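A look at the structure
Given next are the chains, with one letter for each unit.
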Amino acid sequence: MAGAEEFVEGNVYPNGVAVITLDRPKALNAMNLDMDIKYKQILEEWESDPKVKCVLIKGSSLRAFCAGGDVKQITCKNTLSDMIEVFTAEYSLICKISEYRKPYISFMDMGYGIGLSGHGRYRVITERTILAMPENGIGLFPDVGFSYIATQTPGGGSVGAYLGMTGKRISMPSDALYVGLGTHYVPSGNLGSLKEALLSSTFSEDPHKDVTALLAKYSSNPESEAHLKLLLPQITSCFSADKSVREIIEELKKHQQSTEASGSWKGRSLFSLLNTTISRELHLDMLNSVMKTEYRIALWSSLRNDFAEGVRAVLVDKDQNPKWNPPSLDEVNQKEVEAIFEPLGPGIEELKV
């Protein structure tokens, strides 16, 4: 059976461009535990290698760049020690990417893994880039540092809350740029030329300057205006930071005529939605602090039955009919939700990043 060595391939070209290729096409390049570990090892080796000038991330398949974390694998690991291993590897990798000293460039063609790209310096999107945070729909919560990204989105973070809580897809380059998830738009047909230009570049003492200039040469503005920008008044009205889940739902009822503004609430775990709203009240200005809090939430949320049930309904049986516990907002115990934000108990270490 293929493992991390085959799924995560690292190559350094003569001019100093180092390329990581995700090659797990049958799983849409979803990242499992071994892949997270291997990926971080490669980044650490290259960061200290003077021959490496910049790092490029891409997928091997036209079907997907990265589908995010391998949630099916996580549900098979149903003990606390398993969850500690999985989320420590994933979240420490995210922090490594966010603080990477060398230029880190992601070609986010097709599927888009926020964990691998959203916190990198250069995030190249195409007309085929698709973004979504569907975790509430499988009984988890929008993790991989999305709260840190969300708080910086337009409307004082309202757009990020909208995307995280409804799972709304972004499929327009203008929207991805508007939200801040992409830094450059390059038509998919030009990615090959951009890659060749990178591989033929001669880097100066300031590779970041070289990469910035090259991306400016190949990038352009999307033809259409950001749709989310047009919806900003409705989104801000519904998802402002001072609103609870109940208030958000009531506000959405006023916008029922606009399916775009109201998004989709069907199939969302109510326990997870409360997690999402409470997380907005925390200090979200530093990614490492966000990841430490997310680590606490992830350990306990992943062991709740809602997570296994969500994965079953959406990814295994695909009946799209999860049976959440509790089944209604009125039955959610607020104290239980707040408890998963508390420091971990005796014998369980906090995330070290």
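All values reported here derive from a predicted model rather than from experimental measurement. (Residues numbered from 1 in each chain as written. Predicted model: local features only at pLDDT ≥ 70, side-chain atom pairs only at ≥ 80, totals over all residues. Heavy atoms only, no water.)

Side note on the packing of aromatic side chains
The cut-off we apply is this: Think of it this way: a Phe, Tyr or Trp ring, Trp meaning its six-membered ring, pairs with another when their centres are within 6.5 Å, and the plane angle makes it stacked under 30 degrees, edge-to-face over 60, tilted otherwise. In DSSP terms, a helix is any run of H or I states spanning at least four residues, a strand is any run of E spanning at least two, and both are numbered starting from the N terminus. For every residue, the accessible area obtained with a 1.4 Å probe (protein chains only) is divided by the maximum for its type, and the residue is called buried under 20%, exposed over 50%, and partly exposed between those limits. Consider the ring centre and the ring normal. A charge sits over the ring if Lys NZ or Arg CZ is within 6 Å of that centre and within 35 degrees of that normal.
As enumerated under the stated definition, the model contains 3 aromatic pairs in all. Taking the centre distance of 5.5 Å and the plane angle of 55 degrees together, the rings of phenylalanine 87 and tyrosine 91 count as tilted. Separated by 4 residues within a single helix, phenylalanine 87 and tyrosine 91 lie in helix α4 (residues 80-98), roughly one turn from each other. A ring pair is formed by tyrosine 100 and tyrosine 104, whose centres lie 6.2 Å apart and whose planes are at 70 degrees; its orientation type is edge-to-face. In this structure, tyrosine 100 and tyrosine 104 share a single accessibility class: buried. Over the ring of phenylalanine 7 we find arginine 24; its NZ or CZ atom is 5.3 Å from the centre of that ring.

A closer look at unusual backbone geometry
Cis geometry marks the peptide bond from asparagine 325 to proline 326; its omega dihedral reads 5 degrees. Along the polypeptide, proline 326 turns up in the loop between α17 (305-316) and α18 (334-339). The backbone of asparagine 29 sits at a positive phi, close to 60 degrees, despite the residue not being glycine. With respect to the helices, strands and loops of the structure, asparagine 29 is situated in the loop between β2 (17-22) and α2 (33-47). Its identity is not glycine, yet glutamine 320 carries a phi of approximately 55 degrees, on the positive side.

Digging into the environment of lysine 323
In plain terms, the rule: Residues are treated as being in contact if the distance between any of their heavy atoms lies within 4.5 Å.
With respect to the helices and strands, the residue lysine 323 is situated in the loop between α17 and α18. Classification of lysine 323 as exposed rests on a relative accessible area of 54%. In this structure, the C-alpha to C-alpha distance between lysine 323 and asparagine 305, residues 18 residues apart in sequence, is 9.7 Å. Setting aside its immediate chain neighbours within four residues, lysine 323 contacts Asp306 and Glu309.

Let's talk about helix α9 (residues 191-199)
Helical periodicity: at 3.6 residues per turn, an α-helix aligns residues three or four positions apart in one direction. All of the buried residues along α9 are Leu191, Leu194, Lys195, Ala197, Leu198 and Leu199. Along its buried surface, α9 packs onto β2, β3 (54-59), β4 (104-108), β5 (122-125) and α10 (207-218).

Focus: the state of the cysteines
The condition is simple: Any two cysteine sulfur atoms lying within 2.5 Å of each other are counted as a disulfide.
For the coordinates displayed, the defined rule picks out 0 disulfides. Just so you know, cysteine 66 is unpaired, no disulfide at all, and the nearest cysteine sulfur is the one on cysteine 95, 17 Å from it.

Some remarks on the pairing of β2
Across a regular strand the side chains alternate sides, sitting on one face of the sheet and then on the other. Under the convention used in this document: Pairing between strands is defined by DSSP: at least two bridges between them are needed.
Among the 6 residues in β2, 6 count as buried, and that is most of the element. Side chains Val17, Val19 and Thr21 project from β2 onto one buried face, and the interleaved Ala18, Ile20 and Leu22 project onto a second face that is buried too. One ladder, built from 5 bridges, connects strand β1 (residues 8-12) with β2; its direction is antiparallel. Its bridge partner being in β2, valine 12 is matched across the sheet by alanine 18. Here 6 bridges tie β2 to β3, and the two strands are oriented parallel to one another. In the strand pairing of β3, valine 19 is matched with leucine 56.

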